[in-house]
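# Per-entry structural report
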Amino acid sequence: MATNYETLEYDVLIIGAGGAGLRAAIEASAARVKVGMVCKSLLGKAHTVMAEGGMAAALADVDDRDGWKVHFSDTMRGGQYVNNWRMAELHAKEAPDRVRELEAWGAVFDRTPDGKILQRNFGGHRYPRLAHVGDRTGLELIRTLQDQGIHLGIEVNMEHTIVTLLKDGDRVTGAFGYDRERGRFKIFRAKAVVLATGGIGRSYKISSNSWDCTGDGQSLAYHAGAELVDMEFVQFHPTGMIWPPSVTGMLVTEGVRGEGGVLRNKDGRRFMFDDIPENYKAQTADNEEEGWLYCAGDRNARRPPELLTRDHVARCIRREVQAGRGSPHGGVFLDISWIKEKIPNAAEHIKRKLPSMYHQFLALANVDITREPMEVGPTTHYIMGGVRVNSDTQMSTVPGLFAAGEVTAGLHGANRLGGNSLSDLVVFGKRAGEYAAKFAREHGAARVNDDQVEEAARRALEPFSRGASTGGNAEGPYQVQYDLQETMQNLVGIVRREEEMVRALDGIAKLNERAGRVAVYGHREFNPGWHTALDLKHMLTVSEAIARSALERKESRGGHFRDDFPGKDAACGRMNVVVWKGAGGAMQVRRQPIPEMPAELKQIIEEMK
Ligand SMILES: Cc1cc2nc3c(=O)[nH]c(=O)nc-3n(C[C@H](O)[C@H](O)[C@H](O)COP(=O)(O)OP(=O)(O)OC[C@H]3O[C@@H](n4cnc5c(N)ncnc54)[C@H](O)[C@@H]3O)c2cc1C
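Just so we're clear, the structure is a prediction, and the values are computed from it rather than from any experiment.

Turning our attention to the overall build of the protein. Each helix and strand in the protein was counted, giving 16 helices and 20 strands. Relative to the 2.2 N^0.38 estimate, which gives 25 Å for 609 residues, the radius of gyration of the protein is 23 Å and therefore close to what a compact globule would have. Along the longest, intermediate and shortest principal axes, the C-alpha atoms of the protein span 70 × 50 × 50 Å. Expressed as a percentage of the 609 residues in the protein, the buried residues total 62%. For the protein, the proportion of contacts with a sequence separation of at least 24, taken over those separated by at least 6, is 73%. For the protein, the exposed area adds up to about 22600 Å²; of that, 49% sits on carbon and sulfur atoms.

Structure, rendered in structure tokens:
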């Protein structure tokens, strides 16, 4: 009987305690409904804490030419115009207020000499726009939101994993999960649920993402009947650490390039000048001196090509490596130490501006970045696709199910600009919290179906019974996870082609069968093998969604590059790819036309070209 499990009751349940979840929880609490939060990790340890470079908002504190219209048009250009334009508009308009609100709540941003919020340059942003705290912006964001949330009395269930959403008819009425420490099942009954579970990077072998980014939210929503959009758009950040192997994939912030860091191949050539896309030529420096002047704050200089969008820089690095011009460990060189030619006390300046990078390289790779170049290469970083939501309310296509942050799709289109995620979290986290609270108020008590709970519990325990019945001979979950990461990295990675993705889908189907047979051993208390066995379903679901969507988009755009369709296709530029679970349980794919953009937004884009 389901009543055997502890049941917690909330008006609004938030799944995930990163920036999006915390901001949603604050807003729902402010609307005076009962809010509960669940997170896999400890409070304060969500992946958001790793964010480094900053939060994009057109505050115009450093350059008064900035404003929401420029931010909107930069976001649309970066996303190559398949963004949800309404989300891009709301984001650009509301981000400044969300940043000032954080400041009022105690966030200590870096300052301009006259006491305003300091903003730094980042790829694809026309003006210095990223509010930051050194290179530890995510930590400050999480700390501030947590303080505020705790004051408002949010109830937090840390180290709990949700394995399925519960439904009453069409409506989501809660979630079912277990506490990781003791392995006990719990029911979370709620009138509205907000998914804020972050990204999917752990489905790839090389990733900057933390351990809990296994695509749970995208998969929970999908299995509950929600639609996913544009899952093919995965961002490979150009600069991850590549050496030593134990830290492969760990992020090297774009802030390094914003502060003047340059990319060179093994011959010392600044190869980024060799390939500047046509639509960025007018805004990009055509010589090294102008690039430096931009980083040094000259308002009339154009940005260096190292600060072109991430998808482009990642592909240029890959090209250098494939052409045999890479660094000893298969990447290229990123050099910030060269700025000693330009400024006195460069070493101190680098340590002050990029303290985490300095320590990261010294401690992990024995490289002093004030004196020598780093070795870097692309790493799976972010997914632009995700749960399809209403742009204003953040409700998914399933009543009562809301979503915010990286788990959603829309704002970033085919490619996210750096810094636009942290502002996304607070802009749309707030909206999700507000509308989830409203939904909870307007709808009656949530009913939980005991059969759904019992079925979920039975399935979750199956790996243990297989462990007991096979006497230690069955395959464990880690081998399946490893093979999936290899498959996604090699066959649905930075450069894609049809026959490889077909092979990937075939591989994923076989991995699904193997995942259905994996066994785990021991008891339920903090059993990582069991946790991984349960994560596999989510990782496989999002991987299939990525591969199917990538096959459907027969062109190259943003994070999605196809060797067999290297150009953009005008028809594809007018559609999103949607996947959903069909009646028979198989994944379905369709092309969804993008609604016509209002004339005033079109005009803004024209004016900003
Ligand atoms: C190293 C690094 C640096 C970055 N720097 C920047 C930057 O400078 N600027 C910027 O804009 N972006 C940056 N990003 C991207 C940005 O940090 C993320 O996109 C963003 O933090 C995601 O926030 P979120 O709230 O959506 O999810 P997350 O912060 O990932 O939080 C997800 C939460 O959901 C929980 N969860 C997941 N699954 C479950 C489940 N099944 N049950 C219960 N709980 C669950 C997790 O435990 C966690 O609490 C960076 C990313 C990385 C990796």
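Right, let's get into the side chain of threonine 48. The topology assignment puts threonine 48 in the loop between strand 2 (35–38) and strand 3 (55–56). Using a relative accessible area of 11% as the deciding quantity, one classes threonine 48 as buried. Reaching out from threonine 48, the side chain makes a polar contact with the backbone nitrogen of glycine 19 at a distance of 3.0 Å. If we ignore the near neighbours within four places in the chain, the residues touching threonine 48 are Gly18, Gly19, Gly138, Leu141, Ile142, Leu422 and Leu425.

The next subject is unusual backbone geometry. At the junction of tryptophan 243 and proline 244, the peptide bond is cis and its omega measures out at -5 degrees in the coordinates. Within the fold, proline 244 resides in the loop between strand 11 (234–241) and helix 6 (255–258). At glutamate 159, a position not held by glycine, the phi torsion is positive, near 50 degrees. Owing to a relative accessible area of 22%, glutamate 159 belongs among the partly exposed residues under this scheme.

Overall, antiparallel pairing links the 4 strands, which are arranged 15-10-19-20 in an open sheet. Two strands close off the open sheet at either side, each with one partner strand: strand 15 (386–387) and strand 20 (587–593). In this structure, strand 10 (residues 228–229) lies alongside strand 19 (residues 575–581), joined through 2 bridges in antiparallel fashion. Within strand 19, the position partnered with leucine 228 by the bridge is valine 579. In the packing of helix 15 (residues 528–552) onto the sheet, contacts are made with strand 10, strand 19 and strand 20, and the angle to strand 20 comes to roughly 45 degrees.

The subject of this paragraph is the site of the ligand. The environment of the ligand is formed by 38 residues, the closest being Thr48, Gly53, Asp216, Glu406 and Leu422. Here threonine 48 contributes a side-chain N or O atom positioned 2.5 Å from an oxygen atom of the ligand. Between the ligand and alanine 196 there is a distance of 3.5 Å, counted from an oxygen atom to a backbone nitrogen or oxygen. Its free accessible area being 1000 Å², the ligand has 99% of it covered by the protein chains. Of all the elements, helix 11 (residues 420–442) adds the most residues to the shell around the ligand, at 4 residues.

Moving on, we get to the pattern of salt bridges. What the rule picks out here adds up to 65 salt bridges. Put simply, arginine 100 and aspartate 97 hold a salt bridge, and the shortest N to O gap is 3.4 Å. Of the two residues, arginine 100 and aspartate 97 are both situated in helix 3 (residues 85–104); the distance of 3 residues between them amounts to about one turn of the helix. Note on arginine 100: relative accessible area 39%, which makes it partly exposed. Note on aspartate 97: relative accessible area 45%, which makes it partly exposed.

As a further point, take helix 1 (residues 19–30). Across its 12 residues, helix 1 extends 17 Å between first and last C-alpha, which sits within 8% of the 16 Å expected from 1.5 Å per residue. Of all the 12 residues making up helix 1, 11 are buried; the element is thus mostly covered by neighbouring parts of the structure. Residues of helix 1 that are buried in the fold lie against strand 1 (6–15), strand 2, helix 3, helix 4 (137–151), strand 9 (185–195) and helix 11. Arginine 32, located one to two residues past helix 1, shows a positive phi value of around 60 degrees.

Once that is clear, we can look at the nonpolar core. Counting residues in hydrophobic clusters, the biggest one holds 138 residues, and the most contacted among them are Val12, Leu13, Phe176, Leu401, Val492 and Ile546. Broken down by element, the residue count for this core peaks at 12 residues, all from helix 15. Apart from the residues lying within four places of it in its own chain, the contact partners of phenylalanine 176 are Tyr5, Thr161, Ile162, Val163, Thr164, Leu166, Phe185, Lys186, Ile187, Val453, Ala456 and Ala457. By size, the runner-up hydrophobic cluster in this structure holds 34 residues, among which are Met272, Cys295, Val332 and Ile350.

A few words on the environment of leucine 251. Counting through the fold element by element, leucine 251 comes out in the loop between strand 11 and helix 6. On a C-alpha basis, the gap between leucine 251 and histidine 237 in space is 8.0 Å, while along the polypeptide they are 14 residues apart. For leucine 251, the residues in contact, after removing those within four places along its chain, are Glu52, Ser208, His237, Thr239, Gly240, Met357, Gln360, Thr379 and His381.

Compared with an ideal rise of 1.5 Å per residue, which puts 20 residues at 28 Å, helix 3 spans 29 Å between its outermost C-alpha atoms and is within 8% of the ideal. Along its length, helix 3 shows its largest kink, about 40 degrees, at glutamate 94, and proline proline 96 lies within four residues downstream of that point. Counting buried positions along helix 3 gives 14 out of 20 residues, so the element sits mostly inside the fold. The backbone nitrogen of arginine 86 lies 3.1 Å from a side-chain oxygen of the residue at the head of helix 3, namely asparagine 84. Glycine 106 sits one or two residues past helix 3 and shows a positive phi near 115 degrees.

Attention now moves to the packing of aromatic side chains. Under the defined criterion, the tally for this structure stands at 10 aromatic pairs. Among the aromatic residues, those joined into a ring-pair cluster are Tyr5, Phe176, Tyr178, Phe185, Phe464 and Trp530. Just above the ring of tryptophan 68 sits the side chain of lysine 93; from NZ or CZ to the centre is 4.6 Å. The lysine or arginine in question, arginine 590, covers the ring of tryptophan 580, its NZ or CZ lying 5.1 Å from the ring centre.

Moving on to the sheet that holds strand 3. One open sheet accounts for 3 strands, arranged 3-5-4; its pairing is antiparallel. Where the open sheet ends on each side, the last strands, each with one partner, are strand 3 and strand 4 (119–120). Looking at chain direction, strand 3 and strand 5 (residues 130–131) are connected through 2 bridges and run antiparallel. Paired with methionine 55 across the bridge in strand 5 is alanine 131.

Running from N to C, helix 1 and helix 4 point in directions that differ by 25 degrees, and their axes come no closer than 9 Å. The orientation of helix 1 relative to helix 4 falls into the category roughly parallel. Remark: the crossing between helix 1 and helix 4 carries left-handed chirality. Two secondary-structure elements touch here, helix 1 through Gly19, Leu22, Arg23 and Ile26 and helix 4 through Ile142, Leu145, Gln146, Gln148 and Gly149. Here the residues of the contact of helix 1 with helix 4 are counted per class, giving 4 nonpolar, 4 polar and 1 charged.

Conventions we followed
- Residues numbered from 1 in each chain as written.
- Predicted model: local features only at pLDDT ≥ 70, side-chain atom pairs only at ≥ 80, totals over all residues.
- Heavy atoms only, no water.
- Helix = DSSP H or I, 4+ residues; strand = E, 2+ residues; numbered from the N terminus.
- Rg over C-alpha atoms; globule rule 2.2 N^0.38 Å.
- Buried < 20%, exposed > 50% of the residue type's maximum accessible area, 1.4 Å probe, protein only.
- Contact = heavy atoms within 4.5 Å.
- Areas by Shrake-Rupley, 256 points an atom, 1.4 Å probe, with all protein chains shown as cover.
- Polar contact = N/O pair within 3.5 Å; in protein donor to acceptor, adjacent residues only side chain to side chain.
- Pairing = 2+ DSSP bridges.
- Axes fitted to C-alpha atoms, helices over the stretch in contact; angles between N-to-C directions.
- Near = heavy atom within 4 Å.
- Salt bridge = Lys/Arg side-chain N within 4 Å of Asp/Glu carboxyl O.
- Expected span 1.5 Å × (residues − 1).
- Core = buried A, V, L, I, M, F, W, Y, C linked by side-chain atoms within 4.5 Å.
- Bend = angle between axes of the 7 residues up to and from the residue.
- Phe/Tyr/Trp six-rings, centres within 6.5 Å; stacked < 30°, edge-to-face > 60°.
- Lys NZ or Arg CZ within 6 Å of the ring centre and 35° of its normal.
- Parallel < 35°, antiparallel > 145°, perpendicular 65-115°, else oblique.
- Left-handed = near helix turned anticlockwise from the far one by under 90°.
- Nonpolar A, V, L, I, M, F, W, Y, C, P; charged D, E, K, R; others polar.

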